[in-house]
Amino acid sequence: MGYKIKNICCIGAGYVGGPTMSVFASFCPDIKFTVVDINSFKIDAWNEKDLSKLPVFEPGLDKLIKKCRSKNLFFSIDVEKIISESDLIFLSVNTPTKDKGLGAGKASDLKWIEESARQISKYAQGHTIVVEKSTVPVKTAHTIEEILKYEKKVNSSEEKSFSVLSNPEFLSEGNAIKDLTNPDRVLIGGTDEKAIDCLAGIYLNWVKSERIIRTNIWSSELSKLASNAFLAQRVSSINSISAICERTEADIRQVSMAIGMDKRIGSKFLNTGPGFGGSCFQKDIANLIYLCEFYNLEQVAKYWQGVLDINNWQKTRIVNLIVNKLFGNLSSKKIVILGFAFKANTNDTRNSSSIEICQGLLEEGAKLSIFDPKVDAEKISLYLGSQEKIHSKRTKGSWTFCHSISEAASGSDAILVLTEWNEFKNIDWPNISKSMRKPSWLFDTRLCIDEKEVIKTGLNYWGIGRSPN
Ligand code: NAD
Ligand code: UGA
């Protein structure tokens, strides 16, 4: 007999937990889903009546919340009670890079995974399927099993048992609802066939069976790290080629198209840019490197380190290039930053390339005017310090937040496009150019601006991976 699944809990109401459970709830009306978090502000925001105030911005998410919330989708801080009522629990907590101690800067900090496992072991009742959705180092399922086993022993009067599965999430932000609704694959790793059937059965409500892959648990954990490493490696590869284009009069758009038309390579993930950002690529590759070093695979570790090195170099070379184009001096120059999110269609700024590029420009003394359609001043100040505050006594750089592109551009020396938001594609260049101090520049690190329109207005143009005009 299989396990009956009536109540599902997701621990962690972040960028994965919220959207994932919203999609699950919309396809499984007979199951009750509750997303829990220790952060009560986040839970309040998920319960907000005004759907524009949800903590995560994702196209299509508001519609799903409207459809399911308070019907079969709930958000709660009552972690213990919800765990005790659940037949299946997803772990969707954060797994950032450790910043102190053994493995600092590389290893994953599993504090939140361990804490959740302890809560589950204490409060779960009957048989509970525990599913790793967070991205974790290989062998984490073993740690979880150890914690669950131990609690079972000390409380021998209670009858409880657990099955641990790995079911990594592959959604990409800004596209999360589409990715979750129509996934390329669903990966389930584990040994308890009944539990795997149960989880696969839930997905079968909307995913074709041939897309649901079953593997051993360690392959599942490793496949997630490896997938992100492969994607990031493509971005570093194309970014490395962008630098050669700039020296050789080759055009990265043409090169990228030519490479991508080879079916063995494929055209996706070949857009050059200011370096990959986001909460995962950097940390997951660092985690992979740590694993390689742990298993004495120095050559493999070095290979993946190269992907991170190119990514950091891309950001530095953009800052240096801007300084050089602006006569080697940014002191008191006004530079407009268009985009602070790590990619378009998300309000997420974690590890955004904009952070390091802005810090580099501030270090040179620039006055930054920052505009992003979905990121507010408060969030930016977490990375750059408070507005108008002098960044460094030596160079006196500072930043302000602007509510529109035209407000930001007035009197500026340069505009730097860092996120490919759709609204940046339709800028009124004649008017913007008129309001800038000459000679002025447009630096496009996403190749999302119409170069001809810009040049017509008398602005100097630099596009990444393009030869200088
Ligand atoms: P997040 O920081 O947005 O959300 C994690 C949430 O977990 C936080 O709100 C935190 O308060 C909560 N939490 C931590 N410990 C808790 C506990 N003991 N009880 C209850 N709540 C707790 O993180 P995220 O972006 O949603 O990522 C979660 C995991 O999914 C990570 O491992 C990440 O690598 C992976 N992942 C992320 C993405 C993405 O696009 N963001 C995609 C695929 C996989
Ligand atoms: C990425 C993966 O695409 C997801 O499959 C994975 O689930 C997720 O990480 C995760 O584990 O967190 P995400 O970081 O949301 O998703 O966004 P991506 O679209 O992968 O973009 C990552 C970064 O690479 C962004 O800064 C983006 O601008 C950059 N990028 C992407 C490029 O510069 N060029 C490209 O061609 C593609």
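Calculation notes
Residues numbered from 1 in each chain as written. Chains lettered and ligands numbered in written order. Predicted model: local features only at pLDDT ≥ 70, side-chain atom pairs only at ≥ 80, totals over all residues. Heavy atoms only, no water. Axes fitted to C-alpha atoms, helices over the stretch in contact; angles between N-to-C directions. Helix = DSSP H or I, 4+ residues; strand = E, 2+ residues; numbered from the N terminus. Left-handed = near helix turned anticlockwise from the far one by under 90°. Contact = heavy atoms within 4.5 Å. Nonpolar A, V, L, I, M, F, W, Y, C, P; charged D, E, K, R; others polar. Near = heavy atom within 4 Å. Polar contact = N/O pair within 3.5 Å; in protein donor to acceptor, adjacent residues only side chain to side chain. Areas by Shrake-Rupley, 256 points an atom, 1.4 Å probe, with all protein chains shown as cover. Buried < 20%, exposed > 50% of the residue type's maximum accessible area, 1.4 Å probe, protein only. Pairing = 2+ DSSP bridges. Lys, Arg positive; Asp, Glu negative; His and termini not counted. Salt bridge = Lys/Arg side-chain N within 4 Å of Asp/Glu carboxyl O.

*Asks:* Help me out: how do you make sense of the packing of helix α12 (residues 298–325) against helix α13 (residues 353–363) in this one?
*Replies:* Angle between the axes and distance between the axes: these two values describe a pair of packed helices. The geometry of α12 relative to α13 is characterised by a closest axis approach of 9 Å and an angle of 35 degrees between their N-to-C directions. Read as a crossing pair, α12 and α13 show a hand that is right-handed. Contacts between α12 and α13 involve Asn-312, Lys-315, Ile-318, Val-319 and Ile-322 on the former and, on the latter, Ser-353, Glu-356, Ile-357, Gly-360 and Leu-361. The class makeup of the residues in the contact of α12 with α13 is five nonpolar, three polar and two charged.

*Asks:* Even after reading the chapter, I still don't get the site of ligand 2, so can you show me in this structure?
*Replies:* Contacts to ligand 2 come from 19 residues, most closely from Leu-171, Glu-173, Lys-224, Asn-271 and Cys-280. Phe-342 has a polar backbone atom sitting 2.9 Å from an oxygen atom of ligand 2. Coverage of ligand 2 by the protein chains reaches 90% of its 700 Å² of free accessible surface.

*Asks:* What is the right way to look at the pairing of strand β6 (residues 160–166) in this model?
*Replies:* The side chains of a regular strand alternate between the sheet's two faces. The element β6 is largely enclosed, with a buried count of six among its seven residues. Of the pairings in the sheet, the one linking strand β5 (residues 126–132) to β6 comprises seven bridges and is parallel in character. Each residue of the ladder has a partner; that of Gly-126, found in β6, is Lys-160.

*Asks:* Help me understand the side chain of Glu-58 in this model?
*Replies:* Inspection of the secondary structure assignment puts Glu-58 in the loop between α2 (40–46) and α3 (61–68). One buried charge, Glu-58, has no salt-bridge partner; the nearest side chain with opposite charge is Lys-343, at 7.1 Å. Separated by 3.3 Å, the side chain of Glu-58 and the backbone nitrogen of Asn-175 make a polar contact. Not counting chain neighbours up to four residues away, the residues in contact with Glu-58 comprise Glu-173, Gly-174, Asn-175 and Ala-176.

*Asks:* Before we go on, may I ask you to explain the sheet that holds strand β9 (residues 334–338) in this structure?
*Replies:* Sheet strands pair via backbone hydrogen bonds, and the direction of the pair is either parallel or antiparallel. Taken together, the six strands give an open sheet; going across it, the order is β11-β10-β9-β12-β13-β14, and neighbouring strands pair in parallel fashion. Both edges of this open sheet fall to β11 (398–401) and β14 (460–463), since each of them pairs with a single strand only. The mean angle between the axes of side-by-side strands here comes to 20 degrees, regardless of whether they run parallel or antiparallel. Where β9 meets strand β12 (residues 414–417), four bridges bridge the pair, whose relative direction is parallel. Across the sheet, the residue bridging to Val-336 is Ile-415, located in β12. Packed onto the sheet, α12 meets β9, β12, β13 (441–444) and β14 and runs at close to 165 degrees relative to β13. Contacting β10 (367–371) and β11, helix α14 (residues 377–384) crosses the sheet at an angle of about 165 degrees to β11.

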